[in-house]
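Each chain, written out:
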Amino acid sequence: EADIYQTPRYLVIGTGKKITLECSQTMGHDKMYWYQQDPGMELHLIHYSYGVNSTEKGDLSSESTVSRIRTEHFPLTLESARPSHTSQYLCASSETANYGYTFGSGTRLTVV
Amino acid sequence: GQQVMQIPQYQHVQEGEDFTTYCNSSTTLSNIQWYKQRPGGHPVFLIQLVKSGEVKKQKRLTFQFGEAKKNSSLHITATQTTDVGTYFCAGIPTGANNLFFGTGTRLTVIP
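Residues numbered from 1 in each chain as written. Chains lettered and ligands numbered in written order. Predicted model: local features only at pLDDT ≥ 70, side-chain atom pairs only at ≥ 80, totals over all residues. Heavy atoms only, no water.

K.L.:
How would you summarise the state of the cysteines if you had to cite specific residues and measurements?
P.N.:
Applying the stated criterion across every chain, the model contains two disulfides over all chains. Through a disulfide, Cys23 of chain A is tied to Cys91 of chain A; the S-S separation comes to 1.9 Å. For the disulfide bridge between Cys23 of chain A and Cys91 of chain A, the dihedral angle about the S-S bond is near -75°, and by the sign convention the bridge is left-handed. One end of the pair, Cys23 of chain A, is in strand 3 (residues 19–25); the other, Cys91 of chain A, is in strand 9 (residues 87–94), and 68 residues separate them in sequence. Both residues of the pair, Cys23 of chain A and Cys91 of chain A, belong to the buried class. Covalently, Cys23 of chain B is tied to Cys89 of chain B through a disulfide, its sulfur atoms 2.0 Å apart. Its torsion about the S-S bond being 75°, the disulfide of Cys23 of chain B and Cys89 of chain B is classed as right-handed. Here Cys23 of chain B is found in strand 3 (residues 19–25), whereas its partner Cys89 of chain B is found in strand 9 (residues 85–93), with 66 residues between them in sequence. This pair shows no difference in class: Cys23 of chain B is buried, exactly as Cys89 of chain B is. (Disulfide = S-S within 2.5 Å. Helix = DSSP H or I, 4+ residues; strand = E, 2+ residues; numbered from the N terminus. Buried < 20%, exposed > 50% of the residue type's maximum accessible area, 1.4 Å probe, protein only.)

In structure tokens form, the structure reads like this:
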């Protein structure tokens, strides 16, 4: 069963718009992650958090920002969307860095 | 750069045939995890291996962690159409904190 929720599931938005992708988990996990994945391709870590008020950039350069004000909530914001941001964004959480990750269903973003 | 590579990138098999995907890291890994992603879905955690030379089985799936902790394999015996998807390995390099995902192997099973 999904204990990590992402909204919206699909989003089509115009260039220059500000958007926030929501991610919430009910498992009490301290560690949360955002990955970007193009269809059929590998996952790239763009942001992660090890707890409240802790956020770090991942391996893939991203123009997005994240916040972690509450343990269960880890939203990702794009201040000005561009067509190059078109991709699937996957949120995940884990009990520790050495535990299996639980992924949300993802947000498929299209910027036109 | 990319630290975890998988081969093959694609594999088509006839239903009932076996399938193996290989994962290779340029550095020693503290653990290796395997995930399955169905077409249009999200990655789902399958298993984690921690010990050098460790072998674990889940029904028709056999997972192995290399002696040097730099490679791993997933073997599926007698594939079924439900096995279709992309299989990702992921590992934490020794001394690092984050999981690096492999490039994935996309499996197609022909009925």
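Next comes the rest of the account.
K.L.:
Tell me about the sheet that holds strand 1 (residues 4–7) of chain A, and please be specific about residues and values.
P.N.:
Residue and element names in this part refer to chain A. With antiparallel pairing, the four strands of this open sheet are ordered in space as 1-3-8-7. Both edges of this open sheet fall to strand 1 and strand 7 (64–66), since each of them pairs with a single strand only. Geometrically, the sheet is characterised by an average inter-axis angle of 15° between neighbouring strands, direction not taken into account. By the bridge criterion, four bridges tie strand 1 to strand 3 in an arrangement that is antiparallel. Looking at strand 3, one finds that Thr7 is bridged to Glu22. (Pairing = 2+ DSSP bridges. Axes fitted to C-alpha atoms, helices over the stretch in contact; angles between N-to-C directions.)

K.L.:
Can you lay out the nonpolar core for me, pointing to particular residues and giving the numbers?
P.N.:
For soluble globular proteins, nonpolar side chains are generally found buried alongside one another. Ranked by size, the top nonpolar core spans 19 residues in total, and within it Ile32, Trp34, Phe63, Leu74, Ile76 and Leu107 of chain B carry the most contacts. Elements with a minimum of two residues in this core: strand 3, strand 4 (29–37), strand 5 (43–49), strand 7 (61–65), strand 8 (71–76), strand 9 and strand 11 (105–110) of chain B. In contact with Ile76 of chain B, other than residues within four places in its own chain, are Glu17, Asp18, Phe19, Arg60, Leu61, Asp83, Tyr87 and Leu107 of chain B. Ranked by size, the runner-up nonpolar core spans 17 residues in total, among them Cys23, Met32, Ala81 and Leu109 of chain A. (Core = buried A, V, L, I, M, F, W, Y, C linked by side-chain atoms within 4.5 Å. Contact = heavy atoms within 4.5 Å.)

K.L.:
Which residues make up the sheet that holds strand 8 of chain B, and what values do they have?
P.N.:
All names here are of chain B. Read from one edge of the open sheet, five strands run 1-3-8-7-6, paired in antiparallel fashion. A strand with exactly one partner marks an edge of an open sheet, and here the two such strands are strand 1 (4–7) and strand 6 (55–58). Strand-to-strand twist of the sheet, defined as the mean angle between neighbouring strand axes without regard to direction, takes the value 15°. The pairing of strand 3 with strand 8 spans six bridges and is classified as antiparallel.

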